[in-house]
Amino acid sequence: MLASKKCKVSIYNETYSLVSDEAENHIHESAELVDRLLREAIEANPLADTHHTLVLIALRLASKFIKLDFEAEYSKKNQKKVLDLINQELSL
């Protein structure tokens with residue numbers, strides 16, 4: 001685990017000072033993703049409230065995270081089944 005450090009990022013022309021134990025490039029990539037998604041959403045609907053748009057983006061990212069987490073868990077379970085089958089065949 002990395003030591004906590006300060007990092008500045010810019011999202012939609014606002015600068016945020018963050019303290020995180022994540023790698024700095026990871027923090028910047030995450031901020032760039034949020035910035036891009038926010039800009040795309042505002043460009044698509046310039047009259048939408050920014051706060052409302054940010055909540056929708058957070059929900060979108062949470063949904064993707066949950067799906068990826070489920071897929072990773074599913075893959076782990078399948079991998080264990082395959083390894084168990086291989087071990088069973090090798091022990092015959």
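Scroll up to find the structure.
Keep in mind that what you see is a predicted model, and the values were worked out from it rather than measured.

Undergrad: Account for the pattern of salt bridges, naming residues and giving values.
TA: All told, the structure shown has three salt bridges when counted by the stated rule. The partner of Asp-35 in a salt bridge is Arg-39, and the shortest N-O contact between them spans 3.0 Å. Of the two residues, Asp-35 and Arg-39 are both situated in helix 1 (residues 24-44); the distance of four residues between them amounts to about one turn of the helix. With a relative accessible area of 15%, Asp-35 lands in the buried category. Given the relative accessible area of 34%, Arg-39 is considered partly exposed. Where Arg-36 meets Glu-40, a salt bridge forms, and the shortest distance between an N and an O atom there is 3.2 Å. Placement of both Arg-36 and Glu-40 in helix 1 is noted, with a separation of four residues, approximately one turn of the helix.

Undergrad: Go over the nonpolar core, please, and point to the residues and values.
TA: Residues Cys-7, Val-9, Ile-11, Ile-27, Ala-31, Leu-37, Leu-38, Ile-42 and Ile-57 constitute the largest nonpolar core, which totals nine residues. Every element with two or more residues in this core is listed here: strand 1 (5-11) and helix 1. Among the elements that line this core, the one with the most residues is helix 1, at five residues. Excluding its chain neighbours within four sequence positions, the residues that come into contact with Ile-42 are Tyr-12, Thr-50 and Thr-53.

What counts, and at which threshold
- Residues numbered from 1 in each chain as written.
- Predicted model: local features only at pLDDT ≥ 70, side-chain atom pairs only at ≥ 80, totals over all residues.
- Heavy atoms only, no water.
- Salt bridge = Lys/Arg side-chain N within 4 Å of Asp/Glu carboxyl O.
- Helix = DSSP H or I, 4+ residues; strand = E, 2+ residues; numbered from the N terminus.
- Buried < 20%, exposed > 50% of the residue type's maximum accessible area, 1.4 Å probe, protein only.
- Core = buried A, V, L, I, M, F, W, Y, C linked by side-chain atoms within 4.5 Å.
- Contact = heavy atoms within 4.5 Å.

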